[in-house]
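Architecture at a glance
Below are the chains, spelled out letter by letter.
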Amino acid sequence: MNDSSMGEFKETDISHAILESYSEKFGRALESDVAIVGAGPSGLVAAWRLAQAGFRVVVLEKRLSPGGGVWGGSLGMNEVVVQKQALGILDEAGVRHHSRGRIFTADAMELASALCLKALHAGAALLNLMVAEDLCLHESRVTGVVANRTMLGENFPIDPIVFSSRAVIDATGHEAVLAHCLQRRGLLENSPERLPGEGPMDAPSGEHFVENSVTELYPGLWVTGMSICASVGGPRMGPIFGGMLLSGSRVAALIGQSLKGTGPMPST
Ligand code: 48H
């Protein structure tokens, strides 16, 4: 066998393989139980937990890399801090941690990678380069996410696509993109003028708040992680991530309870 016959495949085989695999993945993701927008720490933990519980989950992430604010730690120093209440999640994800007095540190790369892998292996579909630009509403209930390819919709007259789901999570962090979609149309009763926005930094209160204020902002639309502080008003907490992990876990538990017994998403 000479070099040119090695492998016995053509370049177009590679293209076909990618196209077919992606098309299958994308097709399955179009209808899910839960569509999560944002693959930061809260969104990834929610995806992991919900997929682990048997729900069909898709995560839409506008950037190339999932992980959100985890990668850079603080000031680009790629270490993150968590408090002891979140160590169980790190242990379950296989992320090593080190005691620093009353708090703990973990490698940011290790955490971001582990959360992605956990969500994927539990069965969630992660679609990167997909930017959510709107919500689908039927009879005063959120029924899906309107999304486009990153940079396409913003730069060209190219229409989006819809991911239908029984529940949607806004896990877009500081931007609270989906909450804003409803607020600017006057659909959020408690925010007629604008969303309250984040309060000043108070790390212990912020961490407590973000875990305990997970809510269904509008029928079918839940908020988790930093988007809670932005949409209902709560203190920011700086580069500590335990609250984000716990908040993702909590939104998954609450959605799990709310979807239980409501029947599966009708498939086409
Ligand atoms: C698709 C989108 C869109 C869109 C945004 O910012 P994140 O890491 O969010 P959380 O809430 O899981 O974690 C917050 C944490 O990283 C943080 O910022 C903290 C703790 N700050 C404290 C402080 O005081 O500053 O991830 C959000 C993800 C990102 O990957 C975005 O790219 C993505 O959402 N995203 N994806 N469509 N329209 N908007």
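Check the entry above for the structure.
These numbers come from a predicted model, not from an experiment.

Turning next to the packing of aromatic side chains. Counted by the stated rule, this structure contains two aromatic pairs. Seen from their ring centres, Tyr22 and Phe26 are 5.7 Å apart, and the 40° between their planes marks the pair as tilted. Residue Tyr22 and its partner Phe26 are both found in helix 1 (residues 11-29); the two are separated by four residues, about one turn of the helix. What makes Phe26 buried here is its relative accessible area of 16%. Ring geometry for Phe26 against Phe163: centres 5.5 Å apart, planes inclined by 65°, an arrangement best described as edge-to-face. In this pair, Phe26 sits in helix 1 while Phe163 sits in strand 9 (residues 161-170), placing the two residues 137 residues apart along the sequence. Side by side, Phe26 and Phe163 carry an identical accessibility label, which is buried.

Glancing now at the pattern of salt bridges. Across all of its chains, the model carries five salt bridges by this definition. The closest approach of N and O atoms between Glu110 and Arg96, which form a salt bridge, is 2.7 Å. In this pair, Glu110 is assigned in helix 4 (residues 108-122) and Arg96 in the loop between helix 3 (87-93) and strand 4 (98-100), connecting sequence segments 14 residues apart. A relative accessible area of 18% means that Glu110 is categorised as buried.

So, on to helix 7 (residues 203-212). For helix 7, the full list of buried residues reads Gly206, Glu207 and Val210. Down the axis of helix 7, the sector holding all buried residues measures 100°, keeping them to one side. Opposite its buried face, helix 7 presents the exposed residues Pro204 and His208, each directed more than 90 degrees away. Along its buried surface, helix 7 packs onto helix 8 (226-233), strand 13 (235-236) and helix 9 (242-259).

Attention shifts here to the state of the cysteines. This model, assessed by the stated rule, comprises zero disulfides. With no disulfide of its own, Cys181 lies 12 Å from the sulfur of Cys136, the closest cysteine sulfur. For Cys181, a relative accessible area of 1% translates into the label buried.

A separate point is the site of the ligand. In the vicinity of the ligand, 29 residues are found, and the nearest of them are Ser42, Glu61, Gly69, Met226 and Arg236. Backbone polar atom of Pro41 to an oxygen atom of the ligand: 3.4 Å apart, as the coordinates give it. Met237 places a main-chain nitrogen or oxygen 3.3 Å from an oxygen atom of the ligand. Considering the ligand on its own, with 800 Å² of exposed area, one finds that the protein chains cover 93% of that surface. Those elements giving two or more residues to the shell around the ligand turn out to be helix 2 (41-52) and strand 7 (130-138). Looking at which element gives the most residues to the shell around the ligand, the answer is strand 7, with three residues.

Spatially, three strands are ordered 3-5-4 in an open sheet, and the strand pairing comes out antiparallel. The open sheet has two free edges, formed respectively by strand 3 (79-82) and strand 4, since each of these has just one partner strand. If you compare each strand with its neighbour and ignore which way they point, the axes differ by 40° on average. As paired elements, strand 4 and strand 5 (residues 103-107) share three bridges and run antiparallel to each other.

What follows concerns the environment of Met201. Inspection of the secondary structure puts Met201 in strand 10 (residues 199-201). Between the C-alpha atom of Met201 and that of Gly27, which follows or precedes it by 174 residues, the distance is 42 Å. If near-sequence neighbours (up to four positions away) are discounted, Met201 is found in contact with Arg236, Met237 and Gly238.

The rules behind each value
Residues numbered from 1 in each chain as written. Predicted model: local features only at pLDDT ≥ 70, side-chain atom pairs only at ≥ 80, totals over all residues. Heavy atoms only, no water. Phe/Tyr/Trp six-rings, centres within 6.5 Å; stacked < 30°, edge-to-face > 60°. Helix = DSSP H or I, 4+ residues; strand = E, 2+ residues; numbered from the N terminus. Buried < 20%, exposed > 50% of the residue type's maximum accessible area, 1.4 Å probe, protein only. Salt bridge = Lys/Arg side-chain N within 4 Å of Asp/Glu carboxyl O. Arc of directions from axis to C-beta. Contact = heavy atoms within 4.5 Å. Disulfide = S-S within 2.5 Å. Near = heavy atom within 4 Å. Polar contact = N/O pair within 3.5 Å; in protein donor to acceptor, adjacent residues only side chain to side chain. Areas by Shrake-Rupley, 256 points an atom, 1.4 Å probe, with all protein chains shown as cover. Pairing = 2+ DSSP bridges. Axes fitted to C-alpha atoms, helices over the stretch in contact; angles between N-to-C directions.

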